[in-house]
Amino acid sequence: MAQTILIAGLGLIGGSLALSMKENNDNHLIGYDIDPKAIAYGVENGILDEGVADFKVGIKQADICILAAPVSKTIELIHKINEVNLEKPIIITDVSSVKGSIEKAAECITSPLVTFIGGHPMAGSHKKGIEAAKSHLFENAIYILTPTNDCPKEKIALLKDVLAGTKSTFIELNPEEHDEMTSVISHFPHLIASSLVHQAKSWQTKHEKIPSLAAGGFRDITRIASSNPAMWQDIFFQNKHVISRLLTDWIAEMNDLQQLLQTDNQVEMYDYLVQAKEFRDGLDKTKRGAIPAFYDLFVDIFDQTGALLKVVSLLAEKDISIKNIEILEIREGITGVLRLSFVTKEDQLASHRHLTKNGYETMLEE
Ligand SMILES: NC(=O)C1=CN([C@@H]2O[C@H](COP(=O)(O)OP(=O)(O)OC[C@H]3O[C@@H](n4cnc5c(N)ncnc54)[C@H](O)[C@@H]3O)[C@@H](O)[C@H]2O)C=CC1
Ligand SMILES: O=C(O)C(=O)Cc1ccc(O)cc1
């Protein structure tokens, strides 16, 4: 049955969810945002069927409401629900990167017409705003739901059905598990990535060439530091207890490493690196992680006019779609390296075969 869906918060995630739902069903999509420009963009570009200037007006019409504002603003919207005189049953979900504080706010909802099911699609980008929204953003990603134990199964099934266009895989967790796990694999790494960038920035005062030396490894490990600072600041404070615990463990571990260096303990340092490599390599052998990554292929090229075009044309011949291209280590007149990213392993392997056949030296990222 067609549903009326309100999306409150029309940014990267709200906009992408709207697009993914629009492609796959005939539901009526209403959008609300504190920024009227986001609503106008959604309506003018056919992402939404309708915009509303008042959250309370939108939620009264909706069968399903998706809260997609920053976490702290989503909590404020949840508190507003009690001010609305709802007239029909509604499923309310959210997309926040933190679930404990959201669940706590949802416990305050008094209306028996509301079923609250926390949600978190585990995909994103460094961009923000509805202009950056993509219908395929959540494809192959894990979509976490945090229903309470007494949540009716048919309501969970209906929500999954409405979100089917995301083409993500749903898993159910409780909010505590969610906040610990996402802290380990997403929130805390973000904090460390930003701190590494700060370290490079402060050493730049001594060595001004640091930015031009910052190569593959540094760029890989700090990529996420380029994401939306306002969003991450909010996430850190909403999940501050878990992040704080991880930070304490991390500081202790850094002190241990300092100790190994100062006591010239090469054996234990080697062991530390081997264990990290084994765990990291094991991650790649199992399934792709919760946040979709890409399959990379490194291709040696010569810095000649048209070198990039030649590689791209060869892959186009085979109808292979490239997700991302990065030129690494290019220096005038000598070989450089292209990093090509693919969505599937098949595309990665087919590109490897085709480019090798055409005389290119390539290296697969295993
Ligand atoms: N960006 C990412 O990579 C991911 C973000 N998330 C979560 O999604 C949520 C939204 O993030 P993005 O879409 O990336 O942010 P965004 O900055 O692109 O969009 C947020 C939107 O919410 C609107 N907004 C702010 N306060 C509001 C309020 N009180 N009422 C209605 N709208 C309001 C803003 O005007 C903006 O349009 C956050 O809770 C974040 O934790 C979840 C997965 C990935
Ligand atoms: O691309 C990445 O590595 C991300 O970290 C994207 C992301 C950001 C926030 C989330 O809550 C979930 C996923």
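Rules of the game
- Residues numbered from 1 in each chain as written.
- Chains lettered and ligands numbered in written order.
- Predicted model: local features only at pLDDT ≥ 70, side-chain atom pairs only at ≥ 80, totals over all residues.
- Helix = DSSP H or I, 4+ residues; strand = E, 2+ residues; numbered from the N terminus.
- Contact = placed C-beta atoms within 7 Å.
- Core = buried A, V, L, I, M, F, W, Y, C linked by C-beta atoms within 7 Å.
- Buried ≥ 20, exposed ≤ 12 C-beta atoms within 10 Å, placed from the backbone.
- Near = placed C-beta within 6 Å.
- Nonpolar A, V, L, I, M, F, W, Y, C, P; charged D, E, K, R; others polar.
- Domains from an automatic or database assignment.
- Pairing = 2+ DSSP bridges.

Novice: Explain the overall build of the protein here, please?
Specialist: Along the backbone of the protein there are 14 helices and twelve strands. The principal-axis extent of the C-alpha atoms belonging to the protein is close to 70 × 55 × 40 Å. Contacts spanning at least 24 positions in sequence make up 75% of the contacts within the protein whose residues lie at least 6 apart.

Novice: Looking at this structure, I do not really get the nonpolar core. What am I missing?
Specialist: Taken as a class, soluble globular proteins show a tendency for nonpolar side chains to be buried jointly. Membership of the largest hydrophobic core comes to 58 residues, with the highest contact counts inside it found for Ile5, Ile7, Ala8 and Cys65. Among the elements that make up this core, the one with the highest residue count is helix 1 (residues 12-24) (six residues). Those residues in contact with Cys65 that sit more than four places away from it in its chain are Leu6, Ala8, Ile59, Ile90 and Ile92.

Novice: It is not clear to me how the site of ligand 1 should be interpreted in this structure. Could you clarify?
Specialist: Near ligand 1 you find 31 residues, and of these Gly11, Ile13, Ser97, Gly124 and Lys128 are the closest. Within the residue set of the shell around ligand 1, elements represented by two or more residues are helix 1, helix 4 (71-80), strand 6 (114-121) and helix 10 (229-238). A total of five residues in the shell around ligand 1 trace back to one element, the largest contributor, which is helix 4. Grouping the constituent residues of the shell around ligand 1 by class yields 15 nonpolar, eleven polar and five charged. Taken together, domain 1 (4-173) and domain 2 (177-285) each give at least three residues to the shell around ligand 1, which thus spans both.

Novice: Sorry if this is basic, but what is going on with the pairing of strand 1 (residues 4-8) here?
Specialist: Look at any regular strand and the pattern is simple: side chains alternate between the two faces of the sheet. Among the five residues that make up strand 1, four are buried, leaving the element largely enclosed by the rest of the structure. One ladder, built from five bridges, connects strand 1 with strand 2 (residues 28-32); its direction is parallel. Note on strand 2: the bridge partner recorded for Ile5 is Leu29. Pairing between strand 1 and strand 4 (residues 64-67): four bridges, direction parallel. Across the sheet, residue Ala8 finds its bridge partner in strand 4, namely Leu67.

Novice: Sorry if this is basic, but what is going on with unusual backbone geometry here?
Specialist: Look at Asn140: it is not a glycine, yet its phi comes out positive at around 70°. For Asn140, a count of 15 C-beta atoms within 10 Å puts it in the partly exposed group. The phi dihedral of Asp264 falls on the positive side, at around 55°, and the residue is not glycine. Topologically, Asp264 is positioned in the loop between helix 11 (240-262) and helix 12 (266-285). Classification of Asp264 as exposed rests on a count of 8 C-beta atoms within 10 Å.

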